[in-house]
Amino acid sequence: MLSKRFRIPIQNYVGTNTPRPAKTIRGALFGVRIYRTTLPYARIGVVVSKSVDKRAVVRNHIRRTIIDAAQKQLATLPVADYIIMANVAAGKTTKDELAVATTKTLKSLL
């Protein structure tokens, strides 16, 4: 489980009054928005909308899979806030494919 220190309060980044991301990366399964931060460590937030799957159980499973894969890369990531937003395709993939895609995308940020 990701420590609270490394979690982003998503409500600060999703909505109408959000700061402009420094960089946005789009993939087949999800997009990653990168925001500058003044904190001395990287933080991660995951958004899985109802368009991915209408069942909350499935959305939470996808969120936990992405967080688990991202947590392993957290120490090597540059200092920033990372918002990972799952696409509809993420709901149709297996847990292993989702973890590999997350790891691959975050490694490309180095």
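Residues numbered from 1 in each chain as written. Predicted model: local features only at pLDDT ≥ 70, side-chain atom pairs only at ≥ 80, totals over all residues. Heavy atoms only, no water.

Caption draft 1: Broad picture of the packing of aromatic side chains. In the structure shown here, the tally under the stated rule is one aromatic pair. A centroid spacing of 5.4 Å and a plane angle of 80° characterise the contact between Phe6 and Tyr41, whose relative ring orientation is edge-to-face. Of this pair, Phe6 sits in the segment before strand 1 (23-26) while Tyr41 sits in the loop between strand 2 (30-35) and strand 3 (43-47); the two residues are 35 residues apart in sequence, bridging distant segments of the chain. Phe6 gets classed as partly exposed once you look at its relative accessible area, which sits at 23%. For Tyr41, a relative accessible area of 19% gives the class buried. The ring of Tyr41 is capped by Arg5, whose NZ or CZ atom sits 4.2 Å from the centre of that ring. (Phe/Tyr/Trp six-rings, centres within 6.5 Å; stacked < 30°, edge-to-face > 60°. Helix = DSSP H or I, 4+ residues; strand = E, 2+ residues; numbered from the N terminus. Buried < 20%, exposed > 50% of the residue type's maximum accessible area, 1.4 Å probe, protein only. Lys NZ or Arg CZ within 6 Å of the ring centre and 35° of its normal.)

Caption draft 2: How the structure looks around the sheet that holds strand 3. Strand order in the open sheet formed by four strands is 1-2-4-3, with mixed pairing between adjacent strands. Looking along the sheet, the strands with just one partner apiece sit at the ends: strand 1 and strand 3. Neighbour-to-neighbour, the strand axes of this sheet turn through a mean angle of 15°, independent of strand direction. (Pairing = 2+ DSSP bridges. Axes fitted to C-alpha atoms, helices over the stretch in contact; angles between N-to-C directions.)

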